[in-house]
Amino acid sequence: MTRKKNDSEALPEVSVSDDGEVRHLHLGTPWIQGSMRVAEPFELELEYVQRMMAWLLFVEPASVTKRHAMQLGLGAGALTKFCHKKLRMCATAIELNPQVLAVCRAWFKLPPDGPKLRVILGDAAAEIRDPMWLGTVDALQVDLYDHDAAAPVLDSAAFYSDCRALLSEDGAMTVNLFGRASSYERSLGKMAEAFGADALWAFKPTREGNTVVLAQRTPTRPKRADLLARAEAVQARWDLPATKWARVFKPVAA
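Residues numbered from 1 in each chain as written. Predicted model: local features only at pLDDT ≥ 70, side-chain atom pairs only at ≥ 80, totals over all residues. Heavy atoms only, no water.

1. Focus on the sheet that holds strand β1 (residues 14-18)
Then step 1. Judged by pairing direction, the sheet is antiparallel, and its three strands sit side by side in the order β1-β2-β3 without closing on themselves. The sheet is open, and its two borders are formed by β1 and β3 (34-37), each paired with just one other strand. Direction aside, the axes of adjacent strands within the sheet are offset by 20 degrees on average.
Then step 2. Strand direction decides the pairing type here: strand β2 (residues 22-27) and β3, joined by four bridges, are antiparallel. Looking at β3, one finds that V22 is bridged to R37.
Then step 3. The sheet contacts of helix α3 (residues 98-107) involve β1, β2 and β3, and relative to β1 the element is tilted by about 30 degrees. (Pairing = 2+ DSSP bridges. Helix = DSSP H or I, 4+ residues; strand = E, 2+ residues; numbered from the N terminus. Axes fitted to C-alpha atoms, helices over the stretch in contact; angles between N-to-C directions. Contact = heavy atoms within 4.5 Å.)

2. Brief notes about the packing of aromatic side chains
Then step 1. All told, the structure shown has six aromatic pairs when counted by the stated rule.
Then step 2. Ring plane angle 35 degrees and centroid distance 4.6 Å describe the contact between F203 and F249, whose orientation is recorded as tilted. Here F203 is found in strand β9 (residues 200-203), whereas its partner F249 is found in strand β11 (residues 249-251), with 46 residues between them in sequence.
Then step 3. Take F203: its relative accessible area is 4%, and that puts it in the buried class.
Then step 4. A connected cluster of aromatic rings, assembled from ring pairs, spans F58, W201, F203, W245 and F249. (Phe/Tyr/Trp six-rings, centres within 6.5 Å; stacked < 30°, edge-to-face > 60°. Buried < 20%, exposed > 50% of the residue type's maximum accessible area, 1.4 Å probe, protein only.)

3. Points about the nonpolar core
Then step 1. Ranked by internal contacts, the top residues of the largest apolar core, which has 35 residues, are M53, W55, L56, L87 and L240.
Then step 2. Taken together, the elements giving at least two residues each to this core come down to α1 (47-51), α2 (78-86), β9, β10 (210-216), α7 (224-238) and α8 (242-245).
Then step 3. Contacts of M53, omitting those with residues within four sequence positions, involve L44, L79, F82, C83, L87, Q141, L240 and W245. (Core = buried A, V, L, I, M, F, W, Y, C linked by side-chain atoms within 4.5 Å.)

4. Description of the pattern of salt bridges
Pairing is possible between side chains of opposite charge, provided their charged atoms come close.
Then step 1. The tally for this structure, following the rule as stated, stands at 12 salt bridges.
Then step 2. A salt bridge links R230 to E60; the nearest nitrogen and oxygen atoms lie 3.1 Å apart. Here the residue R230 occupies a position in helix α7, and E60 occupies one in the loop between α1 and β4 (68-72), the gap between them amounting to 170 residues.
Then step 3. Classification of R230 as buried rests on a relative accessible area of 18%. (Salt bridge = Lys/Arg side-chain N within 4 Å of Asp/Glu carboxyl O.)

Here you go:
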């Protein structure tokens, strides 16, 4: 989660619900802002969160451990934990609400900061403009919703341009878009303005209404057979449902 610096609203209270098998994070409302399977705390529980890993389809699997993943919005820490523990990447998360970080460490098995893991408490919009990050991020994962889960908190062409500047040459951004079709089209248009329409790929919406969009720093168009082969490699290596992705994941511009 993030907000603009001049936003004077108090940050929402963070709470946790648990049915014995799956634990959920909430920000002052019943909306689920992240989940963890208690018996498998480092796996990705939610379908749309799994799809945020679609950038793996565009890089050599053997190169992943040498790469840097950044999450804007910590949520329940699922993406940060997966990139750090499962993919063995350097992982950075930017989160505004210190309560979210505290709850992730206490209830969602988020490891402490170390040489390959860091959580920065701050405003994502400001933090990503720090020159130290430019060109250093291979996988940028953006999931910035307020406590009402109504629309992305940061969703301008200028913001997406800042995101693009973070990426390495073969890097990619994945964004969770949730809500009405009109809101999705607006967000897609702003991403196209920053990245170019030929850089965008999108999944079909999940049953819950989440649509994950991927934007490449350098647009590519791998052949379908090559994409499927990479999906099979990703699934075999990290147990992600990547072969299913290939059926519901296509370039936005034909």
